[in-house]
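Chain by chain, the residues:
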Amino acid sequence: MTEWLGLPALASAHGGQIDSMIGWVHVFMLILFVGWGGFFAYCLVRFHRSRHPVANYTGVKSHASNYSEIGVAVVEAILLFGFAIPLWAARVGNIPPESESLVVQVTAEQFAWNIHYAGPDGVFGRTDIKLLDLQSNPLGVDRSDPAAKDDVTTVNQLFLPANKPIIVKLRTKDVIHSFGVPELRVKQDAIPGLTIPIWFVPTVTTAEMQTLKGNPGFQYEIACAQLCGLGHARMRGFVTVQTADEFQKWMDERVKEALESAADPFK
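All values reported here derive from a predicted model rather than from experimental measurement. (Residues numbered from 1 in each chain as written. Predicted model: local features only at pLDDT ≥ 70, side-chain atom pairs only at ≥ 80, totals over all residues. Heavy atoms only, no water.)

(A) Broad picture of the pattern of salt bridges. Considering all chains together, one arrives at 7 salt bridges under this definition. In this structure, lysine 173 engages glutamate 109 in a salt bridge whose closest nitrogen and oxygen atoms are separated by 3.1 Å. Remark: glutamate 109 occurs in strand S1 (residues 102-109) and lysine 173 occurs in the loop between strand S5 (166-172) and strand S6 (177-181); sequence separation between them is 64 residues. The salt bridge involving arginine 254 is made with glutamate 253; its shortest N-O contact spans 3.8 Å. Overall, glutamate 253 belongs to the partly exposed group, its relative accessible area being 36%. (Salt bridge = Lys/Arg side-chain N within 4 Å of Asp/Glu carboxyl O. Helix = DSSP H or I, 4+ residues; strand = E, 2+ residues; numbered from the N terminus. Buried < 20%, exposed > 50% of the residue type's maximum accessible area, 1.4 Å probe, protein only.)

And the structure:
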């Protein structure tokens, strides 16, 4: 499906459903295009002035066009109620338990993606706007809070384990942004004042995708899909999907750094 649609390579568990829906939409729209185009051409020939020099005010008595319109409405209802709504409901209503998932807070701002992991205790530490520092602490994490001592933060670098449910709690500091990773088939606006959860299961590690594409420099990119200001074009983040062991090793290293930093804030 992804090949003939020209979509990016698929790297998430739910992406096949989305690709299938997109494929069926294209098929039905192609049929509709050919059908209505053919009907238009038929009308041009059937009702040409050379064949009907005098206007006929009775008009066409056939109900063929009515039947065609009913058919189009039926197809649109199938696409809406058979594909779109069930898929939307599954993505919004069937969020897996947080205890079985990796929960990550992603906070957008002009023009960066701030990533926040809860650490081994599974509890996100307190944040304080008074502690905000764009260079050293863009999320204002209060390291004096016991729950925050093992928290891990990064900027524009989202590390994830493969084959595990990921829940991203999306928010923004300023204007509307949009979190989109094409290969993972996820895209969601970040709305000021709201925390919006999205979830997915990555199935292809970055290394595997590099091999698949024959491109050792490939990276999953977080693209902001909303025009968010003059620096919109440079608002790029990257997702690194790793095996479970690789991710745990990365997380252990970052937690160690966070604990050392909390113990010696001037280090």
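Still more to cover.
(B) Examining the nonpolar core more closely. With 38 residues, the main nonpolar core has Trp113, Tyr117, Leu158, Phe179 and Tyr220 as its most contacted residues. In contact with leucine 158, other than residues within four places in its own chain, are Val104, Ile115, Tyr117, Phe179, Ile222, Phe238, Val239 and Thr240. (Core = buried A, V, L, I, M, F, W, Y, C linked by side-chain atoms within 4.5 Å. Contact = heavy atoms within 4.5 Å.)

(C) Seen up close, the pairing of strand S10 (residues 236-242). Counted residue by residue, S10 has 6 buried out of 7 residues, so it is predominantly covered. As paired strands, strand S4 (residues 157-161) and S10 are joined by 5 bridges and run parallel to one another. In the sheet register, leucine 160 faces S10, and the bridge partner there is valine 241. With 4 bridges joining them, strand S9 (residues 220-224) and S10 adopt antiparallel strand pairing. From the neighbouring strand, alanine 223 faces S10, where its bridge partner is arginine 236. (Pairing = 2+ DSSP bridges.)

(D) Inspection of the packing of aromatic side chains at higher detail. For the coordinates displayed, the defined rule picks out 9 aromatic pairs. Ring centres 5.8 Å apart and planes at 80° place the aromatic pair tryptophan 36 and phenylalanine 39 in the edge-to-face group. Pair noted here: tryptophan 36 and phenylalanine 39 are both in helix H2 (residues 15-46), with a separation of 3 residues, about one helical turn. What makes tryptophan 36 partly exposed here is its relative accessible area of 34%. A centroid spacing of 4.3 Å and a plane angle of 20° characterise the contact between phenylalanine 159 and tryptophan 250, whose relative ring orientation is stacked. Note that phenylalanine 159 is positioned in strand S4 and tryptophan 250 in helix H5 (residues 244-263), a separation of 91 residues in sequence. Exposure remark for tryptophan 250: the relative accessible area of 8% places this residue in the buried category. Linked through ring pairs, Tyr117, Phe159, Phe247 and Trp250 together constitute an aromatic cluster. (Phe/Tyr/Trp six-rings, centres within 6.5 Å; stacked < 30°, edge-to-face > 60°.)

(E) Local environment of the sheet that holds S4. Overall, mixed pairing links the 5 strands, which are arranged S4-S10-S9-S6-S7 in an open sheet. Unpaired on one side and paired on the other, S4 and strand S7 (186-190) mark the two borders of the sheet. In this sheet, neighbouring strand axes are inclined to one another by 20° on average, regardless of whether the strands run parallel or antiparallel. (Axes fitted to C-alpha atoms, helices over the stretch in contact; angles between N-to-C directions.)

(F) Local environment of the environment of isoleucine 115. Note on placement: isoleucine 115 falls in strand S2 (residues 112-117). Counting along the chain gives 99 residues from isoleucine 115 to glycine 214, while the straight-line C-alpha distance between them is 29 Å. For isoleucine 115, the contacting residues outside a window of four places in its chain are Val104, Gln105, Val106, Leu139, Val152, Thr153, Thr154, Asn156, Gln157 and Leu158.

(G) How the structure looks around the sheet that holds S1. Reading across from one edge, S3-S2-S1-S5-S8 is the order of the 5 strands in this open sheet, with mixed pairing throughout. The open sheet terminates on both sides in strands that have one partner only, identified here as strand S3 (152-155) and strand S8 (196-200). Each neighbouring strand pair of the sheet contributes to a mean axis angle of 25°, computed without reference to strand direction. Two strands pair when backbone bridges link them, and S1 and S5 are joined in this way by 7 bridges, in the parallel orientation. Paired with valine 104 across the two strands is valine 168, which belongs to S5.

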